[in-house]
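Below, each chain spelled out in residue letters.
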Amino acid sequence: MKICFGGDKPTLVGDTDSDMGGDIDSRRFTLGYVIKFAGGVVAWQSKLHKCVALSTTEGKFIAITESCKELL
């Protein structure tokens, strides 16, 4: 078995997103990210976060922080 990556240049790319108050009961937000290397996905996560964000901007910053920690 093997993993085949596309013919893209060998670059590390991360995409992230979050939603505001995705859980109706607790008002917590869901964050997600995907990390790709040379066109192939090497890591991803989607989870309900532990805290409540007070704004969409705060939720986005938390999601970006989580994905940057995974990139490192």
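Residues numbered from 1 in each chain as written. Predicted model: local features only at pLDDT ≥ 70, side-chain atom pairs only at ≥ 80, totals over all residues. Heavy atoms only, no water.

1. Points about the pairing of strand β2 (residues 30–37)
- Here strand β1 (residues 12–18) runs beside β2; their pairing, made up of seven bridges, is antiparallel. Along β2, the bridge assignment pairs Gly14 with Ile35.
- Bridging between β2 and strand β3 (residues 40–48) involves eight bridges; their strand directions are antiparallel. Pairing of Tyr33 across the sheet is with Gln45, part of β3. (Pairing = 2+ DSSP bridges. Helix = DSSP H or I, 4+ residues; strand = E, 2+ residues; numbered from the N terminus.)

2. Overview of the environment of Arg28
- When you line up the elements, Arg28 lands in the loop between β1 and β2.
- Of the residues examined, Arg28 reaches a relative accessible area of 25% and is grouped as partly exposed.
- Counting along the chain gives 23 residues from Arg28 to Cys51, while the straight-line C-alpha distance between them is 6.1 Å.
- Polar contacts involving the side chain of Arg28 include one to the main-chain carbonyl oxygen of His49, which spans 3.5 Å. (Buried < 20%, exposed > 50% of the residue type's maximum accessible area, 1.4 Å probe, protein only. Polar contact = N/O pair within 3.5 Å; in protein donor to acceptor, adjacent residues only side chain to side chain.)

3. Concerning the sheet that holds β2
- The strand order β1-β2-β3 describes an open sheet built from three strands, whose pairing is antiparallel. Looking at the sheet topology across the chains shown, the edges are occupied by β1 and β3. When strand polarity is set aside, the average angle formed by the axes of neighbouring strands in this sheet is 10 degrees. (Axes fitted to C-alpha atoms, helices over the stretch in contact; angles between N-to-C directions.)

4. Points about the pattern of salt bridges
- One pass over the full model with this rule turns up three salt bridges.
- The salt bridge involving Lys36 is made with Asp15; its shortest N-O contact spans 3.6 Å. Of the two residues, Lys36 is situated in strand β2 and Asp15 in strand β1; the sequence distance between them amounts to 21 residues.
- The exposure class assigned to Lys36 is partly exposed, which follows from its relative accessible area of 30%.
- Here Asp17 ties to Lys60 by a salt bridge, and the two come within 2.7 Å at their closest N and O atoms. You can see Asp17 sitting in strand β1 and its partner Lys60 sitting in helix α1 (residues 56–71), a full 43 residues away along the chain.
- For Asp17, a relative accessible area of 46% corresponds to the partly exposed category. (Salt bridge = Lys/Arg side-chain N within 4 Å of Asp/Glu carboxyl O.)

Purely geometric numbers; function is a separate question.
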